[in-house]
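Analysis of the macromolecular model
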Amino acid sequence: MSAETYRDAWGIPHLRADTPHELARAQGRVTARDRAWQLEAERHRAQGTSASFLGPEALSWDRLARRARLADTARRCFTALERKDPETAAWVRAYTDGVNEGLTEPGHPNPAPEFARTGLAPGRWDPWTPLGVWLATHILFAGFPAKLWREHISTHLGPEAVALFAADGPGTAGSNGWLVSGERTTTGHALIAGDPHRFIEDPGVYQQVHLSCPEFDVVGLAVPGVPGVAHFGHTGTVAWAITNAMADYQDLYRERLRRTGAGVEALGPDGIWHRAARHTERIDVAGEDTVEVEIIETDRGPVIAGGPEGLDDGTPAALSLRYPPRVTADLGFGALLPLLRARRVADVDRALDAWAEPVNVVQAADTEGGLLHRVAGRVPVRPAANGLRPVPAWEPGHEWTGWHTPPRAGLTDGVAVMANQRGPATPLGVEFAPPHRADRITALLAGKEHWSAADMPAIHTDTHLGSAAPLLAHLAALPSKAALASEALTPEAALASEAAPEPKAAPDPEAAPTPEAAPDPETAPTPEAAPTPEATPTAAPPEAPPTPLTPEAAALRDRILAWDWRMDADSTDAAAYAAVRAAVVRRLAAHPVLAPASVPPAYPEVLLPWLALVPRLGHALEHLLRAEDLYGIDRAAAVRAALEEVAASPPSGTWGDTHRLAPWRALPDTATAPGDEPGLSGDHDCVLCTSPVPGLTDRAARGPAARYVWDLADRANSRWVVPHGASGLPGSPHHHDQQPLWLGGELAPVVTDFDRLTKESDD
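Residues numbered from 1 in each chain as written. Predicted model: local features only at pLDDT ≥ 70, side-chain atom pairs only at ≥ 80, totals over all residues. Heavy atoms only, no water.

Here's the deal with the pattern of salt bridges
The test is simple: A pairing counts as a salt bridge when a side-chain nitrogen of Lys or Arg comes within 4 Å of a carboxyl oxygen of Asp or Glu. Only DSSP runs of H or I reaching four residues or more are called helices, and only runs of E reaching two or more are called strands; each is numbered from the N terminus. Relative accessibility under 20% of the residue-type maximum defines a buried residue, over 50% an exposed one, and the middle range a partly exposed one, all with a 1.4 Å probe and only protein chains included.
In this structure the tally under the stated criterion is 49 salt bridges. Between arginine 43 and glutamate 40 there is a salt bridge, and its shortest N-O distance comes to 2.9 Å. With a gap of three residues between them, arginine 43 and glutamate 40 both fall in helix α1 (residues 20–47), about one helical turn apart. Of the residues examined, glutamate 40 reaches a relative accessible area of 2% and is grouped as buried. For the salt bridge of arginine 382 with aspartate 248, the shortest nitrogen-to-oxygen distance reads 2.6 Å. Taken together, the positions of arginine 382 in the loop between β17 (371–376) and α13 (385–388) and aspartate 248 in the loop between β8 (238–244) and β9 (251–254) put the pair 134 residues apart, joining distant regions of the chain. Assigned by exposure class, arginine 382 and aspartate 248 land together as buried.

Details of the state of the cysteines
What counts, and what does not: The term disulfide is used for any two cysteine sulfur atoms that are within 2.5 Å.
Within the structure shown, the criterion is met by zero disulfides. This cysteine, cysteine 689, is not joined by any disulfide, and cysteine 686 carries the nearest cysteine sulfur, 7.9 Å off.

Details of the side chain of histidine 152
Condition: Throughout this description, a polar contact denotes any pair of N or O atoms lying within 3.5 Å of each other; where both atoms belong to protein, one of them has to be capable of donating a hydrogen while the other can accept it, and for residues adjacent in sequence the pair is counted only when both atoms sit in side chains.
Note that histidine 152 resides in helix α8 (residues 146–157). At a separation of 2.8 Å, a polar atom in the side chain of histidine 152 contacts the main-chain carbonyl oxygen of alanine 597.

Details of the nonpolar core
The cut-off we apply is this: Residues grouped as a nonpolar core are buried Ala, Val, Leu, Ile, Met, Phe, Trp, Tyr and Cys residues, joined through side-chain atoms within 4.5 Å. Only heavy atoms matter for contacts: two residues are in contact if any of them lie within 4.5 Å across the pair.
Residues Phe165 and Leu475 are the most contacted members of the largest nonpolar core, which totals 202 residues. If near-sequence neighbours (up to four positions away) are discounted, phenylalanine 165 is found in contact with Trp149, Ile153, Leu157, Leu594, Arg616, Leu617, Ala620 and Leu624. Core analysis: the second largest hydrophobic core is formed by 14 residues, Ala245, Met246, Ala247 and Ala425 among them.

Comments concerning the sheet that holds strand β1 (residues 3–7)
Convention followed: When DSSP locates at least two bridges between a pair of strands, those strands are taken to pair. Only the stretch in contact is used when fitting a helix axis, every axis being a line fitted to C-alpha atoms; angles between N-to-C directions are given from 0 to 180 degrees.
Strand order in the open sheet made by the nine strands is β17-β16-β8-β7-β6-β5-β2-β1-β25, with mixed pairing throughout. Strands at the two margins of the open sheet, each flanked by one partner only, are β17 and β25 (758–762). Across the sheet, the mean angle separating the axes of adjacent strands is 20 degrees when strand polarity is ignored. Sheet topology places strand β16 (residues 360–366) next to β17; six bridges connect them, and they run antiparallel. Paired with glutamine 363 across the two strands is histidine 373, which belongs to β17.

Observations concerning the packing of helix α16 (residues 469–477) against helix α23 (residues 635–648)
Applied cut-off: Throughout, the term roughly parallel applies to angles under 35 degrees, roughly antiparallel to angles over 145, roughly perpendicular to angles from 65 to 115, and oblique to all others. Polar here means any residue outside two lists: the nonpolar Ala, Val, Leu, Ile, Met, Phe, Trp, Tyr, Cys and Pro, and the charged Asp, Glu, Lys and Arg; Gly therefore counts as polar.
Across the interface, α16 lies against α23 with an axial gap of 10 Å and an inter-helix angle of 85 degrees. In this view, α16 runs roughly perpendicular relative to α23, as classed from their interaxial angle. Note on element contacts: α23 touches α16 through Arg635, Val639 and Leu643, opposite Leu471, His474 and Leu475. Along the lines of polarity and charge, the residues of the contact of α16 with α23 split into four nonpolar, one polar and one charged.

Examining the packing of aromatic side chains
Heads up, the rule is: Two rings belonging to Phe, Tyr or Trp (six-membered ring only in the last case) form a pair when the distance between their centres is within 6.5 Å. Interplanar angles under 30 degrees mark stacking, angles over 60 mark edge-to-face geometry, and anything in between is tilted. Cation placement over rings: the criterion is NZ of Lys or CZ of Arg within 6 Å of the ring centroid and within 35° of the ring normal.
This structure, assessed with the given rule, holds 12 aromatic pairs. Arranged with centres 5.6 Å apart and planes meeting at 80 degrees, the rings of tryptophan 37 and phenylalanine 53 form a pair that is edge-to-face. Linking tryptophan 37 in helix α1 with phenylalanine 53 in helix α2 (residues 51–54), this pair joins segments that are 16 residues apart in sequence. The two residues tryptophan 37 and phenylalanine 53 agree in class, both being buried. For the pair tryptophan 37 and phenylalanine 115, a centre-to-centre distance of 5.3 Å together with 90 degrees between the ring planes defines the contact as edge-to-face. Highlighted residues: tryptophan 37 in helix α1 and phenylalanine 115 in helix α6 (residues 113–118), separated in sequence by 78 residues. Every member of this aromatic cluster is reached through a ring pair, and the members are Tyr206, Phe232, Tyr708, Trp710 and Trp720. One residue, arginine 16, lies across the ring of phenylalanine 754, its end atom 4.3 Å from the ring centre.

This is how it looks when you write it as structure tokens:
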């Protein structure tokens, strides 16, 4: 046997080989067969050549990829890997050999229609290409453009605005993950479950795979284009999973550059002008002229925006990006083989000591009762100011001076829950997700003493929206004619006077918290230098003078206040709440105090989503409504006007009618209209995190990119699902066959017995 390929009922590849290297080759080969177009798109993305077939809309990304030196960094990292860890380098090389074989083998002609539409032929993968794919996938993962937002909003509203708007930003990936120890399960062995939240791509960003050889037998979620199983895996005796730690490990520096006869110089913190590396590259753009890009790199890092002449509008600015792999020539690929070979938690722990980025919180458990809850990744030690906004490169005191020791944590009441909230990674970050998802998962787990793998989908799909409280409080405080006849109500008193909706919580409604009982975010610990939404004061009485609502608005308000706080796809009340929320966001964005911030600086287009005002308002709305003062803005009037607006033209259907999936495709599918995509339950702050952008769109581009349950009692009881299917080929029976499961909150079985699989080929 060299290598064998099997499939299960869902078309998931199960690979068996004699050696890890032959197995890597087989993994590359089957990925090329199943995901050829996706691999081609990712290869171009890593190289900064996407515009050559996607046209000018991809040019801004290509500029960033070139200017940030992504491909060059990947080459450096692979060269260093060959020197320091030749076994892993050879294993990666075997994977790319398999990719190249799968893309060109005559026995498996590639039917991906995208190649015909673009006129492309599959390109050849270099040994460093998987590192480039990994880097391109995660370069924006830590959200360094948020530092530009903080600077931007501070310029308009003052530094106190940073805390008001601090929230899980529009471009930041997140996840849910929970570890339940054996003392809290029906089997006496641990369970690990969760779902990574990313942009939903088609084909998906995760590939279900089973990798078996004499050294290891692992099931997990691979990243197409990268060998092994990095983020989510189960070896039979130990399993692991990750969430985004929300750590800050990339810095932006404001550079002072000048041209000389010999090139470009940058002013350093020592007060001396130093020669910067400089060259030019050309980017081909489909349908347009070739574009020339100047590449400049200072001692801090590559310049990604502006230059000696400033930004495109002439604003004097140049920003360099310092990120760990560019500094260390290490992407952490040395952890991948040890993870596959892990047998116990201690093995996973040692493997993760080599992890670089993205920085994650890892949960792991083994069959002997071992448990692990730690941060993995490389975060530089530097002054707190570096984490908040771009810092001046010419001033001393902003240098990196070492690396943080990754923090560790334990379990509480036999469980550990991570949902990108403040936790073990708190000392390493600035902004974290609101606590709603984590609090809700914790409360649901507390509602039952012992859990099984089959119980976990009820948590995956919980739609309770904890962040609704401040807007509902303002709605409750709006005076009706009856209320005007009695004493005036504050939002807090009004909410308390209403009968609190009892959530339809799973699995135990009596144990699930009511909205009023949710933990107070003001008590969350914060690092000294980190602005946090929790630091803002609580809600003040409504600013508007009492004015009775129209009968239509009063009826809509009463209907929303009677709503069960569930963002279910079939709920008309959830649709009404979301419509009012969106209208409030739009009205706040149009207010003369905030509207000027809607015009961002002339930074590259690829960075502008982090600088867009409406998404920022939408994701920070609960903090803005809860603050003691919002720059004199009459929020009660804005809420009242939004309610009247929606009452005059209410949504005609359910939440799922407008809250539809908006998957990203490298080559848009012109045959699929937005209304053809499925309707979704959930919302940004639900455990079922399907993220609209309030005030902009109800459609969800982000959501669970996979769901999993790892059972340490018996791996055969584990479950998983992805949004689409195992195949990236339109027309394949496994292209979208898992989507009904994903939409319904169901999971597919993990099958590892080769006798129950269908053999496809010998390679």
